[in-house]
Amino acid sequence: MTAAELPALTISELQPLLRGGAVSPGEVVDALQSRISEIEPQIDAYIALDFEAAKHEANAADLSLPLGGIPIAVKDIISVAGQRCTCASRSLSNYIAPYDATLIRKLKAAGAIPLGRTNMDEFAMGSSTENSSVKITLNPWDKSRVPGGSSGGSAAAVAAGAAFGALGTDTGGSIRQPAAFCGIVGLKPSYGRVSRFGVVAFASSLDQAGPLTKTTRDAALLMNAIAGVDPQDSTSLPEPVPDYTQLLGREIRGIRIGLPKEYTTDGIDPQVKAAVDAAVTQLQALGAEISELSLPHTEYAVAVYYVLATAEASANLARFDGVRYGHRTEGVANLVEHYERTRAEGFGAEVKRRIILGTYVLSSGYYDAFYLRAQKVRELIRRDFVEAFKKVDLLISPTSPVPAFKIGERTADPLQMYLADIFTIAANLAGICAISLPCGFATSESGTQLPVGLQLLASSLDEARLLQVAHAFEQSTDWHQRRPPL
Amino acid sequence: MAETTDLDVAYVARLARLQVSDDERRTFQAQLGDVLRYAAKLAEVNVQDVEAAAHAVPMFNVFREDRPRDWFTADEALQNAPRSANDLFIVTKVVE
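The rules behind the values
Numbering of residues starts from 1 in every chain and runs along the sequence as written. Chains carry letters from A onward and ligands carry numbers from 1 onward, assigned in written order. The predicted origin of the model limits local features to residues at a pLDDT of at least 70 and limits the giving and counting of side-chain atom pairs to 80 or more, whereas totals for whole chains, interfaces and linings rest on all residues. To get the side-chain values, all heavy atoms of the structure are used, and hydrogens and water are removed first. Only DSSP runs of H or I with at least four residues qualify as helices, and only runs of E with at least two residues qualify as strands; both kinds are numbered from the N terminus onward. Every radius of gyration here is taken over C-alpha atoms, with the globule rule written as 2.2 Å times N^0.38, N being the number of residues. Only heavy atoms matter for contacts: two residues are in contact if any of them lie within 4.5 Å across the pair. Every axis in this analysis is a line fitted to C-alpha atoms, fitted for helices over the stretch in contact. Angles between the N-to-C directions lie between 0 and 180 degrees. Reported orientations rely on four angle classes, namely roughly parallel under 35 degrees, roughly antiparallel over 145, roughly perpendicular from 65 to 115, and oblique for the rest. The classification used treats Ala, Val, Leu, Ile, Met, Phe, Trp, Tyr, Cys and Pro as nonpolar, Asp, Glu, Lys and Arg as charged, and all other residues, Gly among them, as polar. When a carboxyl oxygen of Asp or Glu lies within 4 Å of a side-chain nitrogen of Lys or Arg, that pair is called a salt bridge. Polar contacts, as counted here, are pairs of nitrogen or oxygen atoms within 3.5 Å of one another; within protein the pair requires one atom able to donate a hydrogen and one able to accept it, and residues that are adjacent in sequence qualify only if both atoms are side-chain atoms. The buried label applies to any residue whose accessible area, calculated with a 1.4 Å probe on protein chains only, is under 20% of its type's maximum; exposed applies above 50%, and partly exposed to all values in between. A pair of strands is considered paired only if DSSP assigns at least 2 bridges between the two. One less than the number of residues in a helix, times 1.5 Å, gives the span that helix is expected to have. Taking the helix axis as origin, the arc is that swept by the directions to the C-beta atoms. Nonpolar cores were defined as sets of buried Ala, Val, Leu, Ile, Met, Phe, Trp, Tyr and Cys residues, with membership established by side-chain atoms within 4.5 Å. Pairing of aromatic rings covers Phe, Tyr and the six-membered ring of Trp, with a centre-to-centre limit of 6.5 Å; geometry is then stacked below 30 degrees between planes, edge-to-face above 60, and tilted otherwise. In our convention, an over-ring charge means Lys NZ or Arg CZ found within 6 Å of a ring centre and within 35 degrees of that ring's normal.

Caption draft 1: Up close: the overall build of chain A. Broken down by element type, chain A carries 15 helices and 11 strands. Taking 2.2 N^0.38 as the reference for a compact globule, 486 residues should give roughly 23 Å; the C-alpha atoms of chain A span a radius of gyration of 21 Å, in line with that estimate. Projected onto its principal axes, the C-alpha coordinates of chain A cover approximately 65 × 55 × 50 Å. Partitioning the contacts of chain A with sequence separation of at least 6, the portion at a separation of at least 24 is 76%.

Quick look at the structure:
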């Protein structure tokens, strides 16, 4: 194993090398630094990198810990004490996080080294990372295309071997969809499984942080570190954290998987459909029992989401007023002008659009028709899943109806961009867990290979079984071993 | 369901304390009109006797002990402040 080969390893492949002394944590950081300096000019996955701080931590790494000496990239919305946390927004371009998010504290306690801030759609609002105020991240498989979003930098870095693993956040698909577009694994934990303390809030009833990794085993290892109740997040669930690797490798014979008929719509790209159909056949060959069922309120999920998520965002983003932190305008006559100009200068177009939509649906005269009604339909969507999980253990669908789209293709039409989230949004509304993993490729018109993601969904707190089935599928294929042509 | 043409971007932007340019106002008016027309399909759903779900996981009255603990110092709390003096945030004048 040469230093140049190290960054291609998975976390679980790197662990024994570190523990056995074949490589030192400092050498791992050095190898990653070389890889990043080669790859970063091609894909622009990172907003900030501090190798000196990482080497300092590497020298002090405790290799007896579960993730001792493993560098992990962090989406620029998760607080790491002393590092910039900009959410890819002009409004926070100089903001330094004064404390660690709970999941970072836990990740550090497990021995991992936070290394690098990954690019994202501003405040996690978007599905392509084109809404970053900093730069556009390119898809490592086809540099004319988006990496997905909003955790696009995390997904592109992991896919390109420029990170061993990364953290992202998922409010409506922002971990799973970029994982699908970049050909890696992305897990959205159940709502409340991972503390949101120190994660900049977008839509508080939907946000969850989770791992983006090369394999399902690596996702399980990161979940072992970051999951659990937190007294500083009253929505975190006080349930014990199992060892998420414990069911990996167990056979899946007899596990019941449901195929929601609403997820086999006409809008699915034929190559995506073929890859997902083949995955269903493969799971059947592994002994899973496949049956069709119905989630009757699926067609309302996108509408519910864009009412509730924007309403919550409009309230959450009220805090960016330029008083205690963040961008502040100068030369104003009064306080209202201070607020209006500070926010106009700090926020990009998509964030403004969502604040306006969210303020509208909460405003007098429209609250009942939009916000309250959307909350009720959300409850019906949640009940659909409760009923489904009485009949089956897991559900299956494409992660995205299409593979990675061209840069600029959807930016002029927000509604089309929103509809790209059609298969991922319901999991956030219902609070359940879901994973995306590679299940094949689509060939673009120009002949490039574009990864296709398979989504598996399970009921709240059933991550261990979700990972078991995902792992069984992964290990029976070689999709996860394909690497982009960089 | 309200008529979606009711959206007045300039008015709502004022409620949100957000200045929008004339270009932005026109663009957002058209784009958000599309989104609201799409969202109008929520009116089709029968929601009679359905409780509104604020969260997917119902949780009530989560308590913890109210004990003092170490947290930010004044210096740390002020480190990101655009303007500060005498251990205080400087705000834009609000009284004459």
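This is not the end of the story, as more comes after the structure.
Caption draft 2: Quick peek at the packing of helix α11 (residues 349-362) of chain A against helix α12 (residues 367-391) of chain A. Residues and elements named next belong to chain A. For the pair α11 and α12, interaxial distance at closest approach is 7 Å and the crossing angle is 105°. Taken together, the axes of α11 and α12 lie roughly perpendicular to each other. Together, Y360, V361 and L362 of α11 and Y367, F370 and Y371 of α12 make up the contact between the two elements. When grouped by side-chain class, the residues that make up the contact of α11 with α12 number 6 nonpolar, no polar and no charged.

Caption draft 3: Main features of the packing of helix α7 (residues 216-226) of chain A against helix α15 (residues 463-475) of chain A. All names here are of chain A. At a closest axis distance of 9 Å, the pairing of α7 and α15 adopts a crossing angle of 160°. In terms of their interaxial angle, α7 and α15 are classed as roughly antiparallel. Between α7 and α15, the residues in contact are T216, R217, A219, A220 and M223 and E463, L467, A470, H471 and E474, respectively.

Caption draft 4: Representation of unusual backbone geometry within the structure. All names here are of chain A. In this structure, the amide linkage connecting G149 to the following residue, S150, adopts the cis form with an omega of 15°. Examined against the element boundaries, S150 turns out to sit in the loop between β3 (113-118) and α5 (152-159). Despite not being glycine, C87 shows a phi value in the positive range, around 55°. If you trace the backbone, C87 turns up in the loop between β2 (71-75) and α4 (102-109).

Caption draft 5: Spatial organisation of the interface of chain B and chain A. Contacts between the two partners involve 57 residues from chain B, matched on the other side by 73 residues from chain A. Scanning the region where chain B abuts chain A turns up 2 salt bridges. With its nearest N and O atoms 2.8 Å apart, the salt bridge here joins E24 of chain B to K352 of chain A. The tally of links between chain B and chain A comes to 17 residue pairs in polar contact (both at pLDDT 80 or more).

Caption draft 6: Just the side chain of E40 of chain A, in detail. Residues and elements named next belong to chain A. When you line up the elements, E40 lands in helix α2 (residues 25-43). Engagement of the side chain of E40 in a polar contact is seen with the backbone nitrogen of Y46, the distance being 2.8 Å. Apart from the residues lying within four places of it in its own chain, the contact partners of E40 are A45, Y46 and K135.

Caption draft 7: Region of the structure containing the pairing of strand β9 (residues 394-398) of chain A. All names here are of chain A. Of all 5 residues that make up β9, 5 are buried, and the element is covered over most of its length. Here strand β7 (residues 256-260) pairs with β9 via 2 bridges, running parallel. Residue I257 lies in a different strand from β9, and its bridge partner there is L394. Here β9 pairs with strand β11 (residues 449-458) via 5 bridges, running antiparallel. Note that in β11 the partner of S397 across the bridge is Q455.

Caption draft 8: Looking closely at the pairing of strand β4 (residues 165-170) of chain A. All names here are of chain A. For β4, a buried count of 6 out of 6 residues is recorded, marking the element as mostly surrounded by other parts of the structure. Residues of β4 alternate between two faces, with G165, L167 and T169 on one and A166, G168 and D170 on the opposite face, all of them buried. Two strands pair when backbone bridges link them, and β2 and β4 are joined in this way by 2 bridges, in the parallel orientation. In the strand pairing of β4, V74 is matched with L167. By the bridge criterion, 6 bridges tie β4 to strand β6 (residues 208-213) in an arrangement that is antiparallel. Looking across to β6, one finds that D170 is bridged to Q208.

Caption draft 9: Representation of helix α8 (residues 270-285) of chain A. All names here are of chain A. The end-to-end C-alpha distance of α8 is 23 Å, a good match for the 22 Å that 16 residues give at a rise of 1.5 Å each. For α8, the full list of buried residues reads V272, A275, V276, A279, V280 and L283. Buried residues of α8, seen end-on, are gathered within an arc of 145° and therefore sit on one face of the element. For α8, the exposed residues set more than 90 degrees away from the buried face come down to P270 and A285. Where α8 is buried, its residues contact β7, β8 (289-293), β9, β10 (433-443), β11 and α15. Measuring from the backbone nitrogen of Q271 back to the side-chain oxygen at the start of α8 gives 2.8 Å, which picks out D269 as the cap. G287, located one to two residues past α8, shows a positive phi value of around 105°.

Caption draft 10: Fine view of the environment of T102 of chain A. Residue and element names in this part refer to chain A. Note on placement: T102 falls in helix α4. With 260 residues separating them in the primary sequence, T102 and L362 have C-alpha atoms 31 Å apart. Apart from residues lying up to four places away in sequence, T102 is in contact with S195, F197, D230 and Q232.

Caption draft 11: Broad picture of the nonpolar core. All names here are of chain A. Within the largest apolar cluster, 180 residues are counted, with the highest numbers of intra-cluster contacts made by L67, F123 and F385. Broken down by element, this core gets its largest block of residues, 11 residues, from helix α9 (residues 301-316). Setting aside its immediate chain neighbours within four residues, L67 contacts I11, Q15, L107, A110, G111, A112, L221, L222 and A225.

Caption draft 12: Layout of the environment of Q83 of chain A. Residues and elements named next belong to chain A. Following the sequence through the fold, Q83 ends up in the loop between β2 and α4. Here the alpha-carbon distance between Q83 and A333, two residues 250 residues apart in the chain, equals 34 Å. Not counting residues within four places of it along the chain, the set of residues in contact with Q83 comprises Y95, I96, A97, P114 and R117.

Caption draft 13: Region of interest: the packing of aromatic side chains. Residue and element names in this part refer to chain A. In the structure shown here, the tally under the stated rule is 20 aromatic pairs over all chains. Arranged with centres 4.8 Å apart and planes meeting at 80°, the rings of Y305 and Y306 form a pair that is edge-to-face. Each member of the pair, Y305 together with Y306, is buried. Ring centres 5.2 Å apart and planes at 45° place the aromatic pair Y367 and Y371 in the tilted group. Placement of both Y367 and Y371 in helix α12 is noted, with a separation of 4 residues, approximately one turn of the helix. Three or more aromatic residues joined by ring pairs make a cluster, and in this case those are Y95, F123, F320, Y325 and F347. If you follow R410 out to its NZ or CZ, it ends over the ring of F405, 4.7 Å from the centre.

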